[in-house]
Amino acid sequence: MTTAQKPIAFFDMKAQQNLIRADIDRRIATVLDSGRFVMGPEVEELEQKLAAYTGAAHCIGVSSGTDALQIAMMAEDIGPGDAVFLPAFTYTATAEVPLVLGATPVFVDVEESTFNIDLADLKRRVAAVRKEGKLRPRAVVGVDLYGRAADWPAILKLCEDEKMFALDDAAQAFGGALGNKRLGAWAHATACSFYPTKTLGCYGDGGAILTDDADRAELYRSLRQHGEGKSRYEVLRTGMNGRLDSMQAAVLLAKLPLLEGELAARDRVAQRYAAKLAGAVKTPATLPDGVHAWGIYSILLESAAARAKVQAAMQAQDVPSAIYYPRPLHKQPAYAAAHAQAAAGPLPVSEDLCERILCLPMHPYLDDAQVDRVAAAVRAGL
Ligand SMILES: *Cc1c(COP(=O)(O)O)cnc(C)c1O
């Protein structure tokens, strides 16, 4: 590596900040001057803009993606005796929330080609839970892993047939779309995360829930504010502190105008990786009918040993990599007992992916030369 080469960041929040720093400073100064630090006017403005952008009728700003999942499940009264179906190959928060509420996560395998929930396995496990008769099937959490929309028409159809709640964990996919509808307008409710490294990220924690259902939207607003009713001092239900703060909303308002261009840039990076790595490793399938948000870019190696070799070669050339995820959720110490409770069949694809997946730098500000250096480093390790 020569000193003239630009270092490669896995995620890059600085390049973006440089473009809009003046606007961010101005918006934060407005919050400082107003003194309305939590749920100020910036939050309402953001909610309106995110609803308009996604096509969802309602947007409720909340404190994180995890809290978005929790508030959505609390509103359905999901708790002890309820089964919540979710992929075994995802971030921990997806499984944590049903457990926090006393419900049981039922882990479902994923498809190797899309990394998303496998409908055939989902149907098998719903039938198995009904047959076992210990838990009520209540909800499916579809995750749009790495930014790729799950098969929402099929998930919704199953949820309709089985009278279950369809919740989209779109934490890695804000801006993504399927057909002519963006994520947020598909499931009964959609949980978004604005953690800094997500496709739309703030400078702290933040999230939102999107829904078309006015009754659900009203419940979400109440639950994020301790279950309040019409007035602040009327408590109608047990809620939580799930509010979004004004500074984070201000940052998101400054970033939102960049999002479309950034999604296009992510797609260009993904296409260039696919071209440069063709024939060498398995690159992720594109999404022919929709917008892949490319929150994360992952390749599949032949084996765990091959992955270790590629990672070492990348490290030797100062190219960062990461493994999302090294362990399927049903094998996590915290979740193994829950897995044993219901429909506990094997999850071979999730287990296999954890051995072979490798994630490459992905952000909108990677230039062609950097993408080529990453691809060359991967090839050097094969
Ligand atoms: C990041 C993430 C979450 C949690 O979002 P936070 O804002 O960090 O609470 C949930 N699910 C998935 C799939 C995620 O990637």
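The model shown is predicted, which means the values in this text are computed figures rather than measured ones.

Geometrically, the link from Tyr324 to Tyr325 is a cis peptide bond, its omega value of 10 degrees lying close to zero. In this fold, Tyr325 is placed in the loop between α10 (304–316) and α11 (336–341). Unlike most non-glycine residues, Phe115 shows phi in positive territory, near 70 degrees. Note that Phe115 resides in the loop between β3 (104–108) and α5 (119–132). The phi torsion at Lys163 lies on the positive side, around 55 degrees, for a residue other than glycine. Judged by its relative accessible area of 72%, Lys163 is exposed.

Here we take up the domain arrangement of the chain. The domain boundaries assigned to the chain delineate domain 1 (15–257) and domain 2 (258–380). Centre-to-centre separation of domain 1 and domain 2, based on C-alpha positions: 23 Å. Counting residues at the interface gives 52 residues for domain 1 and 47 residues for domain 2. Summed over both partners, the interface of domain 1 with domain 2 buries about 3,900 Å², with 60% contributed by carbon and sulfur atoms. For the interface between domain 1 and domain 2, the tally reads three salt bridges.

Put simply, the largest pocket is a space of about 480 Å³. If you trace the largest pocket, you find 27 residues lining it, with Tyr91, Ala171, Ser193, Tyr195 and Lys198 closest to the centre. Those elements giving two or more residues to the lining of the largest pocket turn out to be α3 (65–75), α4 (93–100) and β8 (189–193). Split by domain, the residues of the lining of the largest pocket number at least three in each of domain 1 (15–257) and domain 2 (258–380). There is about 360 Å³ of room inside the second largest pocket. Taken together, 15 residues form the lining of the second largest pocket, with Glu218, Arg221, Ser222, Glu228 and Gly229 sitting closest to its centre. Its residues placed into classes, the lining of the second largest pocket shows three nonpolar, three polar and nine charged.

Right, let's talk about empty space enclosed by the protein for a bit. The gaps left among the atoms become clear once a water-sized probe is rolled over them. Taken as a whole and judged by the stated rule, the model has two cavities of 30 Å³ or more. Of the residues assigned to the lining of the largest cavity, the class counts are seven nonpolar, five polar and five charged. The residue makeup of the lining of the largest cavity includes at least three contributed by each of domain 1 (15–257) and domain 2 (258–380). Put simply, the second largest cavity is a space of about 30 Å³. Taken together, Thr114, Phe115, Leu145, Tyr146, Arg148, Pro284, Ala285 and His292 form the lining of the second largest cavity. Looking at the lining of the second largest cavity residue by residue, the classes come out as five nonpolar, two polar and one charged. Each of two domains, domain 1 (15–257) and domain 2 (258–380), supplies a minimum of three residues to the lining of the second largest cavity.

Calculation notes
- Numbering of residues starts from 1 in every chain and runs along the sequence as written.
- This being a predicted model, a pLDDT of at least 70 is required before a residue's local features are given, and a value of 80 or more before pairs of side-chain atoms are given or counted; all residues contribute to the totals for chains, interfaces and linings.
- Excluded from the side-chain calculation are hydrogens and water; included are all heavy atoms of the structure.
- Helix and strand assignments follow DSSP, with helices taken as H or I runs no shorter than four residues and strands as E runs no shorter than two, numbered in order from the N terminus.
- Only protein chains enter the area calculation, which uses a 1.4 Å probe; residues under 20% of their type maximum are buried, those over 50% are exposed, and those in between are partly exposed.
- Segment limits for the domains were obtained from an automatic or database-derived domain assignment.
- Between two residues, a contact is recorded if the distance between any of their heavy atoms is within 4.5 Å.
- Put simply, buried area is how much 1.4 Å-probe accessible surface two parts lose in total, over both of them, once they are put together.
- One speaks of a salt bridge when a side-chain nitrogen belonging to Lys or Arg is within 4 Å of a carboxyl oxygen belonging to Asp or Glu.
- Any residue with an atom within 4 Å of a point lines the site, the site being either a cavity, points on a 1 Å grid over the protein atoms alone where a 1.4 Å probe fits but cannot get out, or a pocket, an open set with protein on both sides within 12 Å along at least 5 of 7 lines.
- Grid points are joined across faces, edges and corners, and a volume is the space filled by probe spheres set on the points.
- Residue polarity follows a fixed list, in which Ala, Val, Leu, Ile, Met, Phe, Trp, Tyr, Cys and Pro are nonpolar, Asp, Glu, Lys and Arg are charged, and the others, Gly among them, are polar.

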